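# Coordinate inspection notes
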Amino acid sequence: MSIASLISLIRAAVVFGTVIMFGAVGEVVAEKSGSLNLGVPGIMYLGGIAGLTGVFFYERAVESPNAALCVIIALICAVAASMLGGLIYSFLTITLRANQNVTGLTLTIFGSGVANFFGGSLNKLAGGVGQISVSATSTAFRATPPVLSSLGVVGNIFFSYGFLTYAAVIIAVLAQTYITRTRSGLALRAVGESPATADAAGINVTKYKYLATCIGAGISGLGGLYYVMDYIKGTWANDGTIETLGWLAVALVIFATWKPKNVIWGSYLFGVLYWGYFYISGLTRSSQELFKMLPYVVTVLVLIIISFRKKKENQPPASLGLAYFREER
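These figures come from a predicted structure and were not determined experimentally.

The next thing to look at is the overall build of the protein. In terms of helices and strands, the protein carries 14 helices and zero strands. Listing every helix and strand of the protein by position from the N terminus yields α-α-α-α-α-α-α-α-α-α-α-α-α-α. Here the C-alpha radius of gyration of the protein, 20 Å, is about what a compact globule of 329 residues would show, namely 20 Å. Counting only C-alpha atoms, the protein reaches 60 × 50 × 40 Å along its principal axes. Summarising the internal contacts of the protein: among those between residues at least 6 apart in sequence, 76% fall at separations of at least 24. By element, 67% of the accessible surface of the protein is carried by carbon and sulfur atoms, the whole surface being about 15,100 Å². When the 22 basic and 13 acidic side-chain charges of the protein are each reduced to a single mean position, those positions are 7 Å apart.

Below, the structure written as structure tokens:
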């Protein structure tokens, strides 16, 4: 493989990995509270379409859109819609104690349906499929550091991405620090491990579950926004890719053994595994599809290994997926 091909693969892996990094970090935060939110793909859909819709109408209404305002509108709309999805999930599973698996899958179907409905409507308003133009916003999201990105090979590898690429890493680091180094992070882990014990210790279990799930959903929704504004450059594609990336994010949570710091390098590894076939000549189409399965295969292998090793720090929260009934305490 040539140097140019290697750089191209790294860039593709970073951009691809950033989408699922947002989704996985948000899901780690939610799962640390014991909420198994399988609605990550739906939440990413909501974040992507909400951000796109907000700036679409802003850019249509203003002759010269302000780039900073475009970014702010997109971020607010995406996070608000995603957190609303997380709030719906929280109300159903925490307050009404509905089955978490069923609720999460329903949220995925709901999110994809809502997003594709509004995406189709935006396409009609724009004049047809592929005609949506939010160029000012997309350009702002994809803007690279002007000096650093021109540093030859180093610039191409490390500094040729939009600001959300670096924000994803920062959020992952902050999530790791919060979970492992703060008092409230310890309380969050206690809620995920044994909500009855945490409740007896005076920790507000419901509050922690709601906050973790909603904040986690907000982070996951940024993955959908990044996909729309950076990955496909400010348009809408009704091809199911967001759902695929959402399930990869869920798989990445297991691969990272519920640690945000592992999500960082794991997401880029998934990107290399997913796009590696593109840089290998002579592969048939069936072989290419097998390459796309590699992230899932690696996740299964990791799951088998941690199951055999049985290290406590590599296991999911003990109450993950289970409803908490205070009267049974």
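Here we come to helix α1 (residues 3-31). An α-helical turn contains 3.6 residues, so a residue and the one three or four places further along point in the same direction. The end-to-end C-alpha distance of α1, which contains 29 residues, comes to 40 Å, matching closely the 42 Å that a straight helix rising 1.5 Å per residue would cover. Of all the bends in α1, the largest measures some 30° and sits at Thr18.

Moving on, we get to the packing of helix α3 (residues 67-95) against helix α5 (residues 135-142). Two numbers describe how α3 lies on α5: the axes approach to 9 Å, and their chain directions differ by 90°. As summarised for this structure, α3 and α5 are arranged roughly perpendicular, according to the angle between their axes. Within the contact between the two elements, α3 uses Ala67, Cys70, Val71, Ala74 and Leu75 and α5 uses Ala136, Thr137, Ala140 and Phe141. Its residues placed into classes, the contact of α3 with α5 shows eight nonpolar, one polar and no charged.

So, on to the packing of aromatic side chains. Describing an aromatic ring pair means giving the distance of the ring centres and the angle of the ring planes. Counted by the stated rule, this structure contains 12 aromatic pairs. Plain terms: the ring middles of Phe16 and Tyr274 are 4.6 Å apart, the flat faces sit at 20° to each other, and that makes the pair stacked. Pair noted here: Phe16 is in helix α1 and Tyr274 is in helix α12 (residues 260-275), with a separation of 258 residues, a long-range link. Overall, Phe16 belongs to the buried group, its relative accessible area being 1%. For the ring pair Phe117 and Phe118, a centre distance of 5.2 Å and an interplane angle of 80° mean the geometry is edge-to-face. Of the aromatic side chains, those joined through ring pairs into one cluster are Phe16, Tyr274 and Trp275.

With that settled, consider the nonpolar core. Counting 70 residues, the largest nonpolar core has Ile20, Leu52, Met229, Trp236, Leu245 and Val263 as the members making the most contacts within it. It is α1 that provides the largest number of residues to this core, a total of 11 residues. What Leu245 contacts, discounting residues up to four positions off in sequence, is Phe16, Val19, Ile20, Met44 and Tyr227.

Reading the values: rules and limits
- Residues numbered from 1 in each chain as written.
- Predicted model: local features only at pLDDT ≥ 70, side-chain atom pairs only at ≥ 80, totals over all residues.
- Heavy atoms only, no water.
- Helix = DSSP H or I, 4+ residues; strand = E, 2+ residues; numbered from the N terminus.
- Rg over C-alpha atoms; globule rule 2.2 N^0.38 Å.
- Contact = heavy atoms within 4.5 Å.
- Areas by Shrake-Rupley, 256 points an atom, 1.4 Å probe, with all protein chains shown as cover.
- Lys, Arg positive; Asp, Glu negative; His and termini not counted.
- Charge placed at Lys NZ, Arg CZ, Asp CG, Glu CD.
- Expected span 1.5 Å × (residues − 1).
- Bend = angle between axes of the 7 residues up to and from the residue.
- Axes fitted to C-alpha atoms, helices over the stretch in contact; angles between N-to-C directions.
- Parallel < 35°, antiparallel > 145°, perpendicular 65-115°, else oblique.
- Nonpolar A, V, L, I, M, F, W, Y, C, P; charged D, E, K, R; others polar.
- Phe/Tyr/Trp six-rings, centres within 6.5 Å; stacked < 30°, edge-to-face > 60°.
- Buried < 20%, exposed > 50% of the residue type's maximum accessible area, 1.4 Å probe, protein only.
- Core = buried A, V, L, I, M, F, W, Y, C linked by side-chain atoms within 4.5 Å.

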